[in-house]
Amino acid sequence: MICKNPECRKQIDERKSAKRCYCNDRCKNRAAYIRRLEKDKHIILFDKKMKKNYRILESLKKKELGPIGLQTLKSHEFDFDIMHKDIIVKTEDGTKKIMCQVYDIIFMVNDKKQLEFV
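No experiment lies behind these values; they were computed from the predicted model shown.

Colleague: Give a detailed account of the pattern of salt bridges, specifying residues and quantitative values.
Modeller: Following the criterion strictly, the structure yields two salt bridges and no others. Between E77 and K52 there is a salt bridge; the shortest N-O distance is 2.8 Å. Of this pair, E77 sits in the loop between α2 (70-75) and β2 (87-90) while K52 sits in helix α1 (residues 25-62), and the two are 25 residues apart along the sequence. Among the residues examined, K52 registers a relative accessible area of 31% and is labelled partly exposed.

Okay, structure coming up:
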């Protein structure tokens, strides 16, 4: 029998079960990922980019640097096209401001084109 993972295709010599289609769990999981990638490629790639953006923002927020220049974000390979929809937040003085959001991190871009965490 041959492993059904398209990247593996090894001969399965040791048969633990007649139903066995993959040489190991890694091949089984990889084959399932490849099938999902064919079906939902745009969703999976969006999620990967969103998670990368989140990791970048999270690391910069922990450093408490203050306003962060857009050039700094570009150097960290932040993707400006991958964010949740803008949200409207009421400030302490009662005015409404449009903010950006990546998961639980809310921020805004000020007039000087710098990112400020809220």
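Colleague: I'd like to hear about the sheet that holds strand β1 (residues 68-69), residue by residue, with values.
Modeller: What holds strands together in a sheet is hydrogen bonding between their backbones, with the strands either parallel or antiparallel. Read from one edge to the other, the open sheet built from five strands follows the order β1-β5-β4-β3-β2, with strand pairing classed as antiparallel. Two strands bound the open sheet, and with one partner strand each, they are β1 and β2. Where β2 and strand β3 (residues 96-102) come together, four bridges link them in antiparallel fashion. Pairing of K90 across the sheet is with K96, part of β3.

Colleague: I'd love a proper account of the nonpolar core, names of residues and values included.
Modeller: Of all hydrophobic cores here, the largest spans 14 residues; its most connected members are L57, L73, V102, F107 and L115. Among the elements of the structure, α1, β3 and β4 (105-109) are those that each provide at least two residues to this core. Per element, the largest residue contribution to this core is five residues, and it comes from α1. Setting aside anything within four residues of it in sequence, one finds L57 in contact with L73, F78, V102, I105, F107, L115 and F117. Membership of the second largest hydrophobic core comes to six residues, among which are C3, Y22, C23 and C27.

So, how was this worked out
- Residues numbered from 1 in each chain as written.
- Predicted model: local features only at pLDDT ≥ 70, side-chain atom pairs only at ≥ 80, totals over all residues.
- Heavy atoms only, no water.
- Salt bridge = Lys/Arg side-chain N within 4 Å of Asp/Glu carboxyl O.
- Helix = DSSP H or I, 4+ residues; strand = E, 2+ residues; numbered from the N terminus.
- Buried < 20%, exposed > 50% of the residue type's maximum accessible area, 1.4 Å probe, protein only.
- Pairing = 2+ DSSP bridges.
- Core = buried A, V, L, I, M, F, W, Y, C linked by side-chain atoms within 4.5 Å.
- Contact = heavy atoms within 4.5 Å.

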